[in-house]
Amino acid sequence: MSVTATETQIGIYNNTKHTISARITNDNGDTGSAGFSDIEPGKYDLWNRSHWQVAFVLKHSTEPSNPKALTLIVKPTGVYYVNDE
(Lines give C-alpha, C1' and ligand atoms only; values in the text may rest on other atoms or scores of the structure.)
Protein backbone atom coordinates (compact mmCIF):
# COMPACT_ATOMS: atom_id res chain seq x y z
CA MET A 1 0.00 0.00 0.00
CA SER A 2 1.27 3.44 -0.86
CA VAL A 3 0.61 6.16 1.70
CA THR A 4 1.24 9.85 1.06
CA ALA A 5 1.73 12.58 3.65
CA THR A 6 1.23 16.25 2.83
CA GLU A 7 3.84 18.89 3.58
CA THR A 8 2.33 19.28 7.06
CA GLN A 9 1.90 15.59 7.94
CA ILE A 10 4.06 12.73 9.15
CA GLY A 11 2.89 9.14 8.75
CA ILE A 12 3.62 5.82 10.42
CA TYR A 13 2.63 2.66 8.50
CA ASN A 14 2.36 -0.67 10.34
CA ASN A 15 3.89 -3.30 8.07
CA THR A 16 4.10 -5.90 10.88
CA LYS A 17 1.89 -8.82 11.87
CA HIS A 18 0.89 -7.23 15.20
CA THR A 19 -0.53 -3.96 16.46
CA ILE A 20 2.05 -1.23 17.13
CA SER A 21 1.79 1.85 19.34
CA ALA A 22 3.29 5.09 18.04
CA ARG A 23 3.61 8.69 19.12
CA ILE A 24 5.22 11.74 17.54
CA THR A 25 6.41 14.71 19.56
CA ASN A 26 4.92 18.15 18.90
CA ASP A 27 7.90 20.44 19.53
CA ASN A 28 8.74 23.77 17.83
CA GLY A 29 5.22 25.15 17.97
CA ASP A 30 3.46 22.17 16.42
CA THR A 31 0.13 21.28 17.99
CA GLY A 32 -1.89 18.10 18.18
CA SER A 33 -1.79 15.10 20.44
CA ALA A 34 1.57 13.71 21.49
CA GLY A 35 -0.07 10.63 23.00
CA PHE A 36 0.35 7.08 21.78
CA SER A 37 -1.90 5.77 19.01
CA ASP A 38 -2.44 2.07 18.30
CA ILE A 39 -2.05 1.11 14.64
CA GLU A 40 -3.36 -2.23 13.41
CA PRO A 41 -1.36 -4.36 10.93
CA GLY A 42 -1.62 -3.02 7.37
CA LYS A 43 -2.94 0.36 8.60
CA TYR A 44 -1.36 3.77 9.13
CA ASP A 45 -1.84 6.99 11.04
CA LEU A 46 -0.98 10.57 10.05
CA TRP A 47 0.04 13.32 12.48
CA ASN A 48 -0.24 17.01 11.62
CA ARG A 49 3.28 18.33 12.08
CA SER A 50 5.17 21.13 10.30
CA HIS A 51 8.63 20.52 11.80
CA TRP A 52 11.02 17.62 12.22
CA GLN A 53 10.03 15.56 15.26
CA VAL A 54 10.89 12.40 17.17
CA ALA A 55 8.72 9.30 16.81
CA PHE A 56 8.55 6.53 19.38
CA VAL A 57 7.20 3.17 18.23
CA LEU A 58 6.48 0.16 20.42
CA LYS A 59 6.35 -3.08 18.44
CA HIS A 60 4.20 -5.68 20.15
CA SER A 61 4.66 -9.39 19.60
CA THR A 62 2.93 -12.63 20.47
CA GLU A 63 5.15 -12.66 23.56
CA PRO A 64 3.97 -9.57 25.51
CA SER A 65 7.07 -9.56 27.72
CA ASN A 66 9.30 -9.05 24.66
CA PRO A 67 8.21 -5.78 22.99
CA LYS A 68 10.73 -3.84 20.93
CA ALA A 69 10.98 -0.05 20.86
CA LEU A 70 12.10 2.16 17.99
CA THR A 71 13.08 5.81 18.08
CA LEU A 72 13.04 7.68 14.77
CA ILE A 73 13.78 11.21 13.61
CA VAL A 74 10.86 12.06 11.30
CA LYS A 75 10.04 14.98 9.04
CA PRO A 76 6.92 16.33 7.34
CA THR A 77 5.96 14.63 4.05
CA GLY A 78 7.57 11.42 5.34
CA VAL A 79 5.76 8.12 5.80
CA TYR A 80 7.80 5.69 7.89
CA TYR A 81 7.18 1.97 7.48
CA VAL A 82 7.58 -0.19 10.58
CA ASN A 83 8.47 -3.75 9.55
CA ASP A 84 8.91 -7.07 11.30
CA GLU A 85 12.64 -7.64 11.82
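Every residue gets a number counted from 1 within its own chain, in the order that chain's sequence is written. Note on the predicted model: pLDDT of at least 70 is required for a residue's local features to be given, and 80 or more for side-chain atom pairs to be given and counted; whole-chain, interface and lining totals, by contrast, use all residues. Based on all heavy atoms of the structure, the side-chain values leave hydrogens and waters out of the count.

A.B. asks: Could you clarify how one ought to interpret the overall build of the protein in this entry?
C.D. replies: Secondary structure counts use DSSP, requiring at least four H or I residues in a row for a helix and at least two E residues in a row for a strand, with both numbered from the N terminus. A count of helical and extended segments in the protein gives 0 helices and 7 strands. Ordered by position from N to C terminus, the α and β elements of the protein give β-β-β-β-β-β-β. Dimensions of the protein, computed from the C-alpha atoms along their principal axes, are close to 40 × 25 × 15 Å. Only protein chains enter the calculation, and the probe is 1.4 Å; a residue is then buried if its accessible area is under 20% of its type maximum, exposed if over 50%, and partly exposed in between. Considering the protein as a whole, with its 85 residues, one finds that 33% of them fall into the buried category. We call two residues in contact when some of their heavy atoms are within 4.5 Å. In the protein, once contacts between residues fewer than 6 apart in sequence are set aside, the share between residues at least 24 apart is 59%. Only the protein chains shown count as covering a residue, and every accessible area follows the Shrake-Rupley method with a 1.4 Å probe. For the protein, the exposed surface amounts to about 5,100 Å²; the carbon and sulfur share of it is 50%. Each charge class in the protein can be summarised by its mean position, and for the 7 positive and 9 negative side chains these summaries are 4 Å apart. In summary, the charge assignment counts Lys and Arg as positive and Asp and Glu as negative, without counting His or the chain termini. Every charge is mapped to an atom, namely NZ of Lys, CZ of Arg, CG of Asp or CD of Glu.

A.B. asks: Honestly, the side chain of Ser 21 in this entry has me stumped. Any pointers?
C.D. replies: Considering the arrangement of structural elements, one finds Ser 21 in strand β2 (residues 20-24). The exposure class assigned to Ser 21 is buried, which follows from its relative accessible area of 8%. Side-chain atoms alone can form a polar contact between residues adjacent in sequence; in general such a contact is a pair of N or O atoms within 3.5 Å, and within protein one must be able to donate a hydrogen while the other accepts it. Of the polar contacts made by the side chain of Ser 21, one reaches the side chain of His 60; its length is 3.0 Å. Filtering out sequence-adjacent residues up to four positions away, Ser 21 remains in contact with Phe 36, Ser 37, Asp 38, Phe 56, Val 57, Leu 58 and His 60.

A.B. asks: What exactly am I supposed to notice about the nonpolar core here?
C.D. replies: In summary, soluble globular proteins display a tendency toward joint burial of nonpolar side chains. One finds Ile 10, Ile 12, Ile 20, Ala 22, Ile 24, Ile 39, Trp 47, Ala 55, Val 57, Val 74 and Val 82 forming the largest nonpolar core, which totals 11 residues. Those elements giving two or more residues to this core turn out to be β1 (9-15), β2 and β5 (53-59). It is β2 that provides the largest number of residues to this core, a total of 3 residues. With residues up to four places along the chain from it excluded, the contact list for Val 82 reads Ile 12, Tyr 13, Asn 14, Asn 15, Thr 16, Ile 20, Val 57, Lys 59 and Leu 70. We call a set of buried residues a nonpolar core when its members are Ala, Val, Leu, Ile, Met, Phe, Trp, Tyr or Cys and they connect through side-chain atoms within 4.5 Å of each other.

A.B. asks: Help me understand the packing of aromatic side chains, please; the structure alone is not making it clear to me.
C.D. replies: Here the distance between the centres and the angle between the planes together describe a pair of aromatic rings. Here a Phe, Tyr or Trp ring, Trp counted by its six-membered ring, pairs with any other such ring whose centre lies within 6.5 Å, and the pair is stacked when the planes are under 30 degrees apart, edge-to-face when over 60, and tilted otherwise. In total, this model carries 1 aromatic pair according to the counting rule given. Judged by centre distance (4.8 Å) and plane angle (40 degrees), the ring pair of Tyr 13 and Tyr 81 falls under tilted. Residue Tyr 13 is located in strand β1, and its partner Tyr 81 is located in strand β7 (residues 79-83); the two are separated by 68 residues in the primary sequence. Judged by its relative accessible area of 7%, Tyr 13 falls in the buried class.

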